[in-house]
Amino acid sequence: MSLSTEGLYQRIKFYLSLLKKNIIYEDKEKFIIAVEEKVDGKPIVVTVVFLQPVWIHIRAKLIDGSEMEKLGGSRYIIYRELLKVSFRSAEFKFAMDDQFNIYITEDIHVAALTFDVFEEEYNAIPAAYKSFYEQIYPEMKTLAETQKIDFT
């Protein structure tokens, strides 16, 4: 498949319009499209970017690195739980950036970029977000409380 960056960008925007998503930010030059989602009434931002040469990357930030740092050594318990959830759920892939922010991510090879694939991978992000806040975040709060850490 030979599709220009412009063509990929327009395809992603088209798919998002088919899904009736609200684009809140876009940077065509950097190939960044941010969409506002609601999970259990809570707004989250889902970002779609093009990781050259062949990957469409979809992600949402789950928790700020500064919150993870507050847990000190206990944060490794959370990392362990993230890995376990990832292992049990084929669609969930958790990641951490250089600032220790935790994300849920999905990737699509451009050769596989069809509407059905995009919809499935995109929808995995809010589902994983919900799982994180139901399964892992309560444990983070408990760890913080036992260590008397202000954790919100």
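Conventions and cut-offs
- Residues numbered from 1 in each chain as written.
- Predicted model: local features only at pLDDT ≥ 70, side-chain atom pairs only at ≥ 80, totals over all residues.
- Heavy atoms only, no water.
- Helix = DSSP H or I, 4+ residues; strand = E, 2+ residues; numbered from the N terminus.
- Rg over C-alpha atoms; globule rule 2.2 N^0.38 Å.
- Patch = residues over 30% accessible without salt bridge, like charges linked within 9 Å, V, L, I, M, F, W, Y side chains within 5 Å.
- Areas by Shrake-Rupley, 256 points an atom, 1.4 Å probe, with all protein chains shown as cover.
- Salt bridge = Lys/Arg side-chain N within 4 Å of Asp/Glu carboxyl O.
- Axes fitted to C-alpha atoms, helices over the stretch in contact; angles between N-to-C directions.
- Parallel < 35°, antiparallel > 145°, perpendicular 65-115°, else oblique.
- Left-handed = near helix turned anticlockwise from the far one by under 90°.
- Contact = heavy atoms within 4.5 Å.
- Nonpolar A, V, L, I, M, F, W, Y, C, P; charged D, E, K, R; others polar.
- Core = buried A, V, L, I, M, F, W, Y, C linked by side-chain atoms within 4.5 Å.
- Buried < 20%, exposed > 50% of the residue type's maximum accessible area, 1.4 Å probe, protein only.
- Expected span 1.5 Å × (residues − 1).
- Bend = angle between axes of the 7 residues up to and from the residue.

**With respect to the overall build of the protein**
If you tally the helices and strands in the protein, you get four helices and six strands. Counting from the amino terminus, the protein carries its helices and strands in the arrangement α-β-β-β-β-α-α-β-β-α. Relative to a compact globule of 152 residues, whose C-alpha radius of gyration would be 15 Å, the protein shows 17 Å and is just as compact. For the protein, the spread of C-alpha atoms along the three principal axes comes to 55 × 25 × 25 Å.

**Here's the deal with a nonpolar patch on the surface**
On the surface, a nonpolar cluster with roughly 270 Å² of combined accessible area is contributed by Ile24, Tyr25 and Val45. Tracing the sequence through the fold places Val45 in strand 3 (residues 42-51).

**Here we look at the packing of helix 1 (residues 5-18) against helix 4 (residues 115-146)**
The geometry of helix 1 relative to helix 4 is characterised by a closest axis approach of 10 Å and an angle of 70 degrees between their N-to-C directions. It follows from the interaxial angle that helix 1 and helix 4 lie roughly perpendicular. The handedness of the crossing between helix 1 and helix 4 is right-handed. Residues Ile12, Tyr15, Leu16 and Leu18 of helix 1 touch helix 4, and the partners they reach there are Phe115, Phe118 and Tyr122. In terms of residue class, the contact of helix 1 with helix 4 is built from seven nonpolar, no polar and no charged.

**Some details on the nonpolar core**
In terms of nonpolar packing, the biggest core is built from 43 residues, with Ile12, Ile56, Phe118, Phe132 and Met140 touching the most fellow members. At eleven residues, the largest contribution of residues to this core is made by helix 4. Beyond its immediate sequence surroundings of up to four residues, Ile56 is in contact with Ile12, Phe31, Val48, Val49, Phe50, Glu106, Asp107, Ile108, Val110 and Leu113.

**As for the packing of helix 3 (residues 75-88) against helix 4**
Direction vectors running N to C along helix 3 and helix 4 enclose 165 degrees, while the axes themselves pass 10 Å from each other. When the interaxial angle is binned, helix 3 and helix 4 end up roughly antiparallel. Here helix 3 and helix 4 pass one another in a crossing that is right-handed. Of the residues in helix 4, those in contact with Ile77, Ile78, Glu81, Leu82, Val85 and Arg88 of helix 3 are Phe132, Gln135, Ile136, Glu139, Met140 and Leu143. Split into classes, the residues belonging to the contact of helix 3 with helix 4 amount to eight nonpolar, one polar and three charged.

**As for the environment of Ile23**
Positionally, Ile23 belongs in strand 1 (residues 22-27). Relative accessible area serves as the criterion here: at 27%, Ile23 is assigned to the partly exposed category. Spatially, the C-alpha atom of Ile23 lies 6.6 Å from that of Glu36, the residues being 13 residues apart in sequence. Non-local contacts of Ile23, meaning those with residues more than four positions away in its chain, are made with Lys13, Leu16, Ile33, Ala34 and Val35.

**Here's the deal with helix 4**
Given a rise of 1.5 Å per residue, 32 residues ought to cover 46 Å, and the 46 Å separating the end C-alpha atoms of helix 4 matches this to within 8%. In helix 4, a bend of some 40 degrees at Ile136 exceeds every other bend along the element, and Pro138, a proline, comes one to four places later.

Honestly, it's all geometry; don't read function into it.
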